[in-house]
Amino acid sequence: MNTSNLKKGKGKNTMKYTVSYKAYDDFVARIQSVLASDDEACRQALQLLEASVGYDVKAIDLDKCSIKAQIAFLMIKPEIDKAIKRSQVARSRTVRRKAAMVETIAGNSVTETTVKNAPAQNAGKPSAEEVAEPVAIPHLSRRERRKMKWQEIRKRQKAAMKEKREQREKQLRC
């Protein structure tokens, strides 16, 4: 996940960490509030934090830090580990969700080609599914993904309404 000391968002000064913005900012604020009176201990604790969340900074040995920095860091170390695990799970879930989205898009593309090619097929020719080549899926923006999601929802709603209408007509005929 990206996080920055200057501002949130993607930019030049963005650093990559293994935890979320929110978690990292919370850890920094807690360290700074506890060690506000001792600048050196605060700097050391922040270095320990950055080393533990995966930002490639000058590694600092825990034993060479001041006692205040050691205590402050070791108090939040279990929470840092939990945040790292939480972020790993979220990343893997995102990868699975994106893969599923690509599969559904690819499935829709193949379905559309088979439907378009169905009338033109002859008995001797292979089906469109056999001939269909893998379709390169472009990266979809958030807006496009939302649009596709809403289109699917609308299709389902229309199908449900059509089914209800047909059932009512059958009941009226009887």
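Residue numbers here run from 1 along each chain, matching the order of that chain's written sequence. Only residues with pLDDT of 70 or above have their local features reported here, since the model is predicted, and side-chain atom pairs are shown and tallied only from 80 upward, although totals for entire chains, interfaces and linings are computed over all residues. Side-chain figures throughout are based on the complete set of non-hydrogen atoms in the structure, without hydrogens or water.

## Details of the overall build of the protein
Only DSSP runs of H or I reaching four residues or more are called helices, and only runs of E reaching two or more are called strands; each is numbered from the N terminus. On a plain count of helices and strands, the protein comes out with five helices and two strands. Reading the secondary structure of the protein in the N-to-C direction produces β-β-α-α-α-α-α. Sorting the 174 residues of the protein into buried and exposed places 21% on the buried side. It only takes one pair of heavy atoms within 4.5 Å for two residues to be counted as in contact. In the protein, the proportion of contacts linking residues at least 24 apart, taken out of those at least 6 apart, comes to 48%. Note that accessible areas follow from Shrake-Rupley with a 1.4 Å probe, and for residues the cover is restricted to the protein chains shown. Split by element, the accessible area of the protein, about 13,600 Å² in all, is 55% carbon and sulfur. Here's how the labels work: a residue is buried when its accessible area is under 20% of the maximum for its type, exposed when over 50%, partly exposed in between, all with a 1.4 Å probe on protein chains only.

## Describing the nonpolar core
Grouping buried Ala, Val, Leu, Ile, Met, Phe, Trp, Tyr and Cys residues that are joined through side-chain atoms within 4.5 Å yields what is termed a nonpolar core. Counting residues in hydrophobic clusters, the biggest one holds 23 residues, and the most contacted among them are Val19, Ile31, Leu49 and Ile80. Within the residue set of this core, elements represented by two or more residues are helix 1 (21-34), helix 2 (39-52) and helix 3 (67-117). Considering each element in turn, this core owes the most residues, seven residues, to helix 3. Here Ile80 is in contact with Val19, Phe27, Leu49, Ser52, Val53 and Phe73, once residues within four sequence places are set aside.

## What to know about the confidence of the model for the protein
Keep in mind that low pLDDT regions are not for reading the predicted coordinates in detail. For the protein, mean pLDDT is 77; residues scoring 70 or higher make up 71% of the total. Every residue gets a pLDDT, meaning the predictor's confidence in that residue, from 0 to 100. Averaged pLDDT values for the elements of the protein fall to 44 in helix 4 (residues 128-131) and rise to 92 in helix 1. In this model, residues 1-7 is a region of pLDDT below 50 whose contacts with residues beyond four sequence positions or in other chains number 27 contacts. Counting interchain partners and residues more than four positions distant, the pLDDT-below-50 stretch residues 110-135 has seven contacts.

## Re the pattern of salt bridges
Whenever a carboxyl oxygen of Asp or Glu lies within 4 Å of a side-chain nitrogen of Lys or Arg, that contact is scored as a salt bridge. Scanning the model with the defined rule gives five salt bridges in all. Between Arg43 and Glu40 there is a salt bridge, with its nearest N and O atoms 2.2 Å apart. Within this pair, Arg43 and its partner Glu40 are both found in helix 2, separated by three residues, close to a single helical turn. Note on Arg43: relative accessible area 41%, which makes it partly exposed.

## Brief notes about the side chain of Ser52
By secondary structure assignment, the location of Ser52 is in helix 2. Apart from residues no more than four positions distant in its own chain, Ser52 is found in contact with Phe73, Lys77, Ile80 and Ile84.

## Describing a positive patch on the surface
The grouping of Arg93, Arg96, Arg97 and Lys98 at the surface amounts to a positive patch. Secondary-structure assignment places Lys98 in helix 3. To count toward a patch, a residue needs a relative accessible area above 30% and no salt bridge. Like charges then connect within 9 Å, nonpolar side chains (Val, Leu, Ile, Met, Phe, Trp, Tyr) within 5 Å. The sign given to each residue is positive for Lys and Arg and negative for Asp and Glu; His and the chain ends receive no count. For this purpose, a charge sits on NZ of Lys, CZ of Arg, CG of Asp or CD of Glu.

## Digging into the packing of helix 1 against helix 2
Axis lines are fitted to C-alpha atoms, over the contacting stretch for helices. Their N-to-C directions set the angle, which ranges from 0 to 180 degrees. Taken N-terminus to C-terminus, the directions of helix 1 and helix 2 make an angle of 160°; their axes are 10 Å apart at the nearest point. Of the possible angle classes, the one that applies to helix 1 and helix 2 is roughly antiparallel. In this structure, the crossing between helix 1 and helix 2 has a hand that is right-handed. Residues Tyr24, Phe27, Val28, Ile31 and Gln32 of helix 1 lie in contact with helix 2, whose contacting residues are Cys42, Ala45, Leu46, Leu49 and Glu50. Between 65 and 115 degrees an angle is taken as roughly perpendicular, under 35 as roughly parallel, over 145 as roughly antiparallel, and anywhere else as oblique. Left-handed describes a crossing whose near helix is turned anticlockwise from the far helix by less than a right angle; the clockwise case is right-handed.

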